[in-house]
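Chain and residue survey
Chain by chain, the residues run as shown.
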Amino acid sequence: MDRAAVDLLVEQTISVIQDVALPLDDAHDGDIAAAGGEAARRMLQAGARAAGVFAPHAPVDCGGLGLSMVERAPVFEEAGYSLFGPLALNIAAPDEGNIHLLDKVATVDQRERYLQPLSRGEIRSAFAMTEPAPGAGADPTMLMTTASKVDGGWIVNGRKWFITGADGAAFFITMARTSGEPGSAGGATMFVMPATTDGVDLIRHVGTVDRSMLGGHCEVGFRDAFVPDDHVLGGVDEGFRYAQVRLGPARMTHVMRWTGAVRRAHEVAVRHVAFRRAFGARLSDLGLMQQLIADNEIDLAATRALLLQACSVLDDGGRASHATSITKTFAAEALHRVADRAVQMCGGLGVSTELPVAKIAREVRPFRIYDGPSEVHRWSIAKRAVRAITGETP
Ligand SMILES: Cc1cc2nc3c(=O)[nH]c(=O)nc-3n(C[C@H](O)[C@H](O)[C@H](O)COP(=O)(O)OP(=O)(O)OC[C@H]3O[C@@H](n4cnc5c(N)ncnc54)[C@H](O)[C@@H]3O)c2cc1C
């Protein structure tokens, strides 16, 4: 897509966000269940479809616009300006990452059966990796859910939690151990599992601070759940490798969306301090306040710069593990700082529901934990830096 076409898409996205997403978002404090859940999703997506901005990332043969990672950045940022914007464009987690993964890995049949309807917004999906202790968490190799080979397929047993969008998802991309022991570096396989499969149970919603993600973050049980051979995604024992296909880009699209949300909090806060007076001056003319404003501008600009650099590497076909780790870690912390400063700048209003600032701070906090906690990314960044000097292999 040429630059002018991307610019037009950005303008069209801004209109949909202003006219369709923000009014609903602000009327319900960013709580998607309170806004109507599935009915709200359909209404939001109808608005994005009418404006021609629906599924901008999805492959063209699935009805999408096929944007590259660099092209996605400004569009996703504008969509993220409303907490409901990503849902409207069908670029919300986890569907957006699952669309990316299926596009790269799915067979022709899986593409038709799962990727096509997911891209068109007819169904939703979930990605099931994390497990209660002592299972997979920050360390995915602790994977305990098992898939045992039987005639014609696999039997899956285990328990997952924090599975975003699970309530109402049509299928799960489930990570299960097909060889090795918890702690082994390999031996994981991804399965596409319809939610209607016997033995797949939605156990409960895990309560979390955020409220904008449709379908919640759920605990899901797999009890002797049969999945046929043709529902293996990619290769057997290749699950950790394919997880990287999803995770690098998915981290960057989270950064794009949260940059938009947090930019809104910053703009609202700047408007507040530009008009509010105290101690004989505008708040925005006081030195310590100027520091908060400037630090927010610096964090937002630095986040965008790192993001574009990592996206260029991904667009060039690189794995970009180092670049996406650096960007994810910096962005999750910088965006959290920006949101927190915006709260502070607004005084009491900053923690109220009168302004859309507290809700944005609430929503962005978990990003420092999912898609790899900051500490895990720092750990890998440091290991790579040392290896680059010593020449050691991983
Ligand atoms: C809102 C939300 C949505 C989520 N959605 C999904 C989803 O859709 N699908 C899914 O599978 N999972 C999902 N998750 C789970 C998420 O991926 C995990 O929470 C994350 O990987 C951390 O795992 P854990 O919670 O088990 O933390 P633990 O593994 O218990 O780690 C706890 C903390 O230990 C620290 N730590 C870990 N490793 C190191 C290290 N090497 N050095 C120093 N400190 C370290 C970190 O601070 C970490 O936060 C979601 C989580 C949240 C909060």
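What comes next is a walk through the structure. (Residues numbered from 1 in each chain as written. Predicted model: local features only at pLDDT ≥ 70, side-chain atom pairs only at ≥ 80, totals over all residues. Heavy atoms only, no water.)

The next thing to look at is the site of the ligand. Around the ligand lies a shell of 17 residues, among which F127, T130, F162, T164 and E375 are the nearest. Separating a nitrogen atom of the ligand from a backbone N or O atom of F127 is a distance of 2.8 Å. Take T130: an N or O atom from its side chain is 2.7 Å from a nitrogen atom of the ligand. Taking 980 Å² as the accessible area of the ligand by itself, protein coverage stands at 65%. Residue composition of the shell around the ligand, by class: twelve nonpolar, four polar and one charged. (Near = heavy atom within 4 Å. Polar contact = N/O pair within 3.5 Å; in protein donor to acceptor, adjacent residues only side chain to side chain. Areas by Shrake-Rupley, 256 points an atom, 1.4 Å probe, with all protein chains shown as cover. Nonpolar A, V, L, I, M, F, W, Y, C, P; charged D, E, K, R; others polar.)

Once that is clear, we can look at helix α1 (residues 3-27). Taking 1.5 Å of rise per residue, 25 residues should cover 36 Å, and α1 covers 35 Å from first to last C-alpha, within 8% of that figure. The principal kink in α1, of about 45°, is found at A21, preceding the proline P23 by one to four residues. Of the surrounding elements, those touching the buried residues of α1 are α2 (38-50), α3 (69-80), α4 (85-89), α7 (239-275) and α10 (358-364). Positioned one or two residues after α1, D29 has a phi angle of 55°, which is positive. (Helix = DSSP H or I, 4+ residues; strand = E, 2+ residues; numbered from the N terminus. Expected span 1.5 Å × (residues − 1). Bend = angle between axes of the 7 residues up to and from the residue. Contact = heavy atoms within 4.5 Å.)

Between its terminal C-alpha atoms α3 stretches 16 Å, which fits the 16 Å expected from twelve residues at 1.5 Å a residue. When you tally the buried positions in α3, you get ten out of twelve residues, the bulk of the element. Buried residues of α3: M69, E71, R72, A73, V75, F76, E77, E78, A79 and G80, and no others. Contact partners of the buried residues in α3: α1, α4, α5 (95-105), α7 and α8 (287-315). (Buried < 20%, exposed > 50% of the residue type's maximum accessible area, 1.4 Å probe, protein only.)

Before going further, it helps to spend a moment on the packing of aromatic side chains. Applying the stated criterion across every chain yields a total of five aromatic pairs. Centroid distance F172 to F222: 6.2 Å. Interplanar angle 85°. Geometry classified as edge-to-face. Taken together, the residues span a long stretch of sequence, with F172 in strand β4 (residues 171-177) and F222 in strand β7 (residues 217-228) at a distance of 50 residues. Each member of the pair F172 and F222 is classed as buried. A cation over an aromatic ring shows up here: R241 above the ring of Y242, its NZ or CZ 4.9 Å from the ring centre. (Phe/Tyr/Trp six-rings, centres within 6.5 Å; stacked < 30°, edge-to-face > 60°. Lys NZ or Arg CZ within 6 Å of the ring centre and 35° of its normal.)

The next thing to look at is the pattern of salt bridges. Under the defined criterion, the tally for this structure stands at 30 salt bridges. A salt bridge links D7 to R3, with the nearest nitrogen and oxygen atoms 3.4 Å apart. Linking D7 with R3, this pair stays in helix α1, spanning four residues, or about one helical turn. A salt bridge links E38 to R41; the shortest N-O distance between them is 2.9 Å. Of this pair, E38 and R41 are both found in helix α2, three residues apart, which corresponds to roughly one turn of the helix. (Salt bridge = Lys/Arg side-chain N within 4 Å of Asp/Glu carboxyl O.)

On to the pairing of β4, then. Burial within β4 is extensive, with seven of its seven residues counted as buried. Burial of the side chains of β4 extends over both faces: F171, I173, M175 and R177 are buried on one face and F172, T174 and A176 on the other. With four bridges connecting them, strand β1 (residues 125-128) and β4 associate as parallel partners. Paired with A126 across the bridge in β4 is F172. (Pairing = 2+ DSSP bridges.)

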